[in-house]
Amino acid sequence: MKNSIKWLILVLLVCIASAASAADWTQIQQRLQHWQGAKEITLPTGIDPLDDTLFSPLVDKLLQQGYAVLPPDKTSKTGLILQQRTTRHGKVITLIRASDRALIAMEKLAPPPPPPVAPAPVKPAVRAAAPAPAPPTAIQPTTTAPATIHVGTVKQAEVVSVSQPQVISDNQRVYELDGNPMQLVAWDNDDGSSEIYLLYDRQIRHLHSDGSTMREQERFQCPLQPSRALHLDIGDIDNDGTPELAATWAEDVYDVAAGTNSIVHAWIIATRTGMKAVSNDLHGYVRIDNNKAELQKRTDYSPFAAEVYSIHVSGSTISVASQPAYHSKQLIFNQLEWPDEQRLLVWNKDQRLMLVERGSDKRIIGSTLLTDFGEYCGPYVSIPLKNPGYRSGFSAEDRVLAKNVYLGRRLLRHGDAVFTIVRGRSNGMLLLGSTSGADKLVKITATGNSMTTSFPFAPIDAFIIDFALCGNNSNQALVLVNEKVDGSGSAYLRLQ
């Protein structure tokens, strides 16, 4: 009798554990982390948030994220609603936007496994000795997607072919890419091949190109769980013949009283024996320009601080100077020391390029380019406002707590010239028309204090997200393009 009771208790515990673990809330948690509306959520009818085995872990996470958990009869008009439904496929948990009843997340609850059946008692019997087990059969490995990678470093991945290119002409090919990379850098090898690195929201992927084929080599996983990719640079900062990467990500932290705040994280990553972080988190924007690395941090209410620090390399040790190398009125990604050490090429507030005097940031008369570079909205950081305002009226929903500050498009020095992106493609009017126009790369050269432009590459009927150049004569361009202007659509790598 006692054994039967113990068995029933065990079965009950297994069933409860199975039901509690049936929902991992992955999709719902992602939507909640990025929700920008009122942080109020209504629980399903009949749920005790303190005692329900299935929902209490989620309620705990909601409270940790600053959500007000409402009872079923107190639905928020601008918040979220959590519902539990029983369908023919089993129980489903849905997340509803209260303002328009739109479904924004759904989790299917797998039914718990059937309880084990207690074995019938058997009388002991004398059995013959079992034969010796046969030696194990060798299992042949199969080629799959890249192996599971370590945080902050990477194992050598299985070689995976990038989608077969579409050949446009003898020197132009288009490769379809997996996911949504936001930044691109390349490194030329002595044999004419190239190493290509793509920055994603949480990882870096390394491709090898011989000019006609392209194969994935390895992946590096960000040591943290950032929200978005910001910037990627490449250069040989330790002068050992192999490049280092400077990768910068943003982690968005939402506060119900202060809005969204982007915490900036960055690492220096070596590539000599596979991608491996060789610095700690530098907590700022890091760039590599002309094989020199620099760090610029941000402040509480500004996207960047004025101080720019040099990053030093001694053997395998990476360190940041204790005193700033110089002060800047620009984000380091939005300026370039060019055409000499006394002048800087910068983006002004109208997204036009001009030259300024280094040190004073005084505009050089006659240097502003009149070329229309188009409006470019790339990676951004969210900055809390010191004095929040209102969109219209004075209701809580109209209060503006933070602003998004966009990073400028890439300025890439190559030889004596600088290359950047001209945004000529348009999304069209809302609900009317479709995308039209073409983006292209522009080459900028300087004579004295004046600058001229030329267009050495063909226009592209897609949105250029980023680019890199190959060859000593900049005769080839690797262009990261996307079907959507924010990089969230299908991504392609075009060699032209």
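Structure shown above.
Every chain is numbered on its own, with residues counted from 1 as its sequence reads. In keeping with the model being predicted, local features are shown solely for residues with a pLDDT of at least 70 and side-chain atom pairs are shown and tallied solely at 80 or more, while totals for entire chains, interfaces and linings include all residues. Water and hydrogen atoms play no part in the side-chain values, which are based on all heavy atoms of the structure.

**Remarks on the layout of surface pockets**
Lining residues are defined by having an atom within 4 Å of a point belonging to a cavity or pocket. Those points lie on a 1 Å grid over the protein atoms alone, cavities being sets where a 1.4 Å probe fits but cannot get out and pockets being open sets with protein on both sides within 12 Å along at least five of seven lines. Grid points are joined across faces, edges and corners, and a volume is the space filled by probe spheres set on the points. Approximately 810 Å³ is the volume attributed to the second largest pocket. Ile234, Asn290, Leu412, Arg413 and His414 are the residues nearest the centre of the second largest pocket, which is lined by 29 residues in total. Starting at the N terminus, helices and strands are each numbered in turn, a helix being any DSSP run of H or I of at least four residues and a strand any DSSP run of E of at least two. Within the residue set of the lining of the second largest pocket, elements represented by two or more residues are strand E9 (183-188), strand E13 (228-235), strand E17 (285-289), strand E22 (335-337), strand E27 (412-414) and strand E31 (463-470). The element contributing the most residues to the lining of the second largest pocket is E9, with 5 residues. All amino acids are sorted into three groups, where Ala, Val, Leu, Ile, Met, Phe, Trp, Tyr, Cys and Pro are nonpolar, Asp, Glu, Lys and Arg are charged, and the leftover types, Gly among them, are polar. Residue classes in the lining of the second largest pocket are distributed as 14 nonpolar, 9 polar and 6 charged.

**Some details on the sheet that holds strand E28 (residues 417-422)**
Pairing is antiparallel across the open sheet formed by 4 strands, whose spatial order is E27-E28-E29-E30. The sheet terminates laterally at E27 and strand E30 (450-454), the two strands that pair on one side only. Within this sheet the neighbouring strands show an average axis-to-axis angle of 35°, counted without direction. Alignment of E27 against E28, held across 3 bridges, turns out to be antiparallel. When the sheet's bridge partners are listed, Arg413 is paired in E28 with Val418. Strand pairing is defined by DSSP finding a minimum of two bridges between the two strands. Inter-axis angles, ranging from 0 to 180 degrees, are taken between N-to-C directions of lines fitted to C-alpha atoms, where helices are fitted over the stretch in contact.

**Observations concerning the environment of Val286**
Residue position: Val286 is located in strand E17. Here the alpha-carbon distance between Val286 and Trp249, two residues 37 residues apart in the chain, equals 10.0 Å.

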